[in-house]
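# Working through the structure, step by step
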Amino acid sequence: MDPVLYLQGLLLPLNVPVLLPGEFTVPQQHKKLGAPNVQGLRSYLADLAPRGYVQTTTPTGLLGDGVTDQGLQLLDIIAPGDMDNEVARANAQALAMNVRQACGYTPRHPTRLRFIRDQTSGPIETGIWRIQQAYTLYTAFGQA
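Counting restarts for each chain, with residues numbered from 1 along the sequence as it is written. It should be noted that, the model being predicted, local features are given only for residues of pLDDT at least 70 and side-chain atom pairs only at 80 or more, the latter also being counted only at that level, while totals for whole chains, interfaces and linings use all residues. With hydrogens and water stripped out, all remaining heavy atoms of the structure feed into the side-chain values.

All right, on to the nonpolar core then. Of all hydrophobic cores here, the largest spans 23 residues; its most connected members are Leu11, Val54, Leu75, Ile77, Val99, Cys103 and Leu113. Only DSSP runs of H or I covering at least 4 residues are called helices, and only runs of E covering at least 2 are called strands; the numbering of each starts at the N terminus. Only helix 1 (3-11), strand 4 (68-80), helix 4 (85-103) and strand 6 (128-140) provide two or more residues apiece to this core. Tallying contributions element by element places helix 4 first for this core, with seven residues. Contact partners of Ile77, with chain neighbours within four places excluded, come to Tyr53, Val54, Ala92, Leu95, Ala96, Val99, Trp129, Arg130, Ile131 and Gln133. Within this scheme, the nonpolar core is defined by two criteria: the residues are buried Ala, Val, Leu, Ile, Met, Phe, Trp, Tyr or Cys, and they are joined through side-chain atoms within 4.5 Å. For every residue, the accessible area (1.4 Å probe, protein chains only) is compared with the maximum for its type, and the residue is labelled buried under 20%, exposed over 50%, or partly exposed between those bounds. In this analysis, two residues are considered to be in contact whenever any of their non-hydrogen atoms come within 4.5 Å of each other.

Given below as structure tokens:
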């Protein structure tokens, strides 16, 4: 299975949009129906992702032996906070913890991902917070 689709499947139970690597511009291009002057990230969050969303990236290969590979998988977790950065930060942290629990390996919940760390955390704009998580992705023959 394609690693990005595998990741999307892990995150499906969170009930938030999971955007594929080629969909980076979807939130910025969103236009509110019936309100042509309202568009962009804030509109996308209000209309389609009130709890936030996860943006996936294409995994970057790090190590490989011809059969098994280790790669770096980055995830951007974006959450709104009603024009309040502290509320947005708390919402993003809660969503990031849910993402980590869904993706992270445990003996009872084995996955092909191992959490490394939160790379960055900060506001994108007033009331919208972004946390970037880094994972090691293990694949065989390029498939998860």
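From this point on, the discussion continues.
All right, on to the confidence of the model for the protein then. What pLDDT conveys is the predictor's confidence in a given residue, as a value from 0 to 100. Overall, the prediction assigns the protein a mean pLDDT of 89, with 94% of residues at 70 or greater. Ranking the helices and strands of the protein by mean pLDDT puts strand 2 (residues 53-56) first, with 97, and strand 3 (residues 60-64) last, with 75.

What follows deals with the packing of helix 1 against helix 4. Where helix 1 contacts helix 4, the two axes come as close as 9 Å, and the packing angle between them is 115°. For the element pair helix 1 and helix 4, the recorded crossing hand is right-handed. Contacts from Leu7, Leu10 and Leu11 in helix 1 reach Val99, Ala102 and Cys103 in helix 4. Gly counts as polar in this scheme, as do all residues outside two lists: the nonpolar Ala, Val, Leu, Ile, Met, Phe, Trp, Tyr, Cys and Pro, and the charged Asp, Glu, Lys and Arg. In the contact of helix 1 with helix 4, the residues fall into six nonpolar, no polar and no charged. Structural elements are reduced to axes, namely lines fitted to C-alpha atoms, with helices fitted over the stretch in contact, and the angle between N-to-C directions of any two is expressed from 0 to 180 degrees. In a left-handed crossing the near helix is turned counterclockwise from the far helix by less than a right angle, and in a right-handed crossing that turn is clockwise.

What follows covers the side chain of Asp76. Along the chain, the position of Asp76 falls in strand 4. Within the structure, Asp76 has its side chain in polar contact with the side chain of Gln132 (distance 3.2 Å). Polar contacts, as used here, are pairs of N or O atoms within 3.5 Å; protein pairs need one atom able to donate a hydrogen and one able to accept it. Residues neighboring in sequence count only if both atoms are side-chain atoms.

This part takes up helix 4. With 19 residues, helix 4 extends 26 Å between its outermost C-alpha atoms, agreeing within 8% with the 27 Å of an ideal straight helix rising 1.5 Å per residue. What helix 4 keeps buried is the set Ala88, Ala92, Leu95, Ala96, Val99, Ala102 and Cys103. In a view along the axis of helix 4, the buried residues occupy a sector of 120°, so they form one face of it. Considering only its buried residues, helix 4 is in contact with helix 1, strand 2, strand 4, strand 5 (113-125) and strand 6. The span you would expect from a helix comes to 1.5 Å times its residue count less one. Arc definition: it is the arc formed by the directions from the helix axis to the C-beta atoms.

The next subject is the packing of aromatic side chains. Any Phe, Tyr or Trp ring, taking Trp's six-membered ring, that has another such ring centre within 6.5 Å forms a pair; planes under 30 degrees apart are called stacked, those over 60 apart edge-to-face, and the others tilted. Within the structure shown, the criterion is met by two aromatic pairs. Pairing Tyr44 with Tyr53 gives two aromatic rings, centres 5.3 Å apart and planes at 85°, and the pair type is edge-to-face. Considered together, Tyr44 and Tyr53 belong to a single accessibility category, that of buried residues. Judged by centre distance (5.5 Å) and plane angle (75°), the rings of Phe115 and Tyr135 are edge-to-face. One end of the pair, Phe115, is in strand 5; the other, Tyr135, is in strand 6, and 20 residues separate them in sequence. For Phe115, a relative accessible area of 24% gives the class partly exposed. Look at Tyr135 and you get buried, because its relative accessible area is 0%.

It is worth spelling out helix 1 at this point. Every buried residue belonging to helix 1 is among Pro3, Val4, Tyr6, Leu7, Leu10 and Leu11, and all of these are buried. In a view along the axis of helix 1, the buried residues occupy a sector of 155°, so they form one face of it. Between the side-chain oxygen at the start of helix 1 and the backbone nitrogen of Val4 there is a gap of 2.9 Å, and the oxygen is on Asp2.

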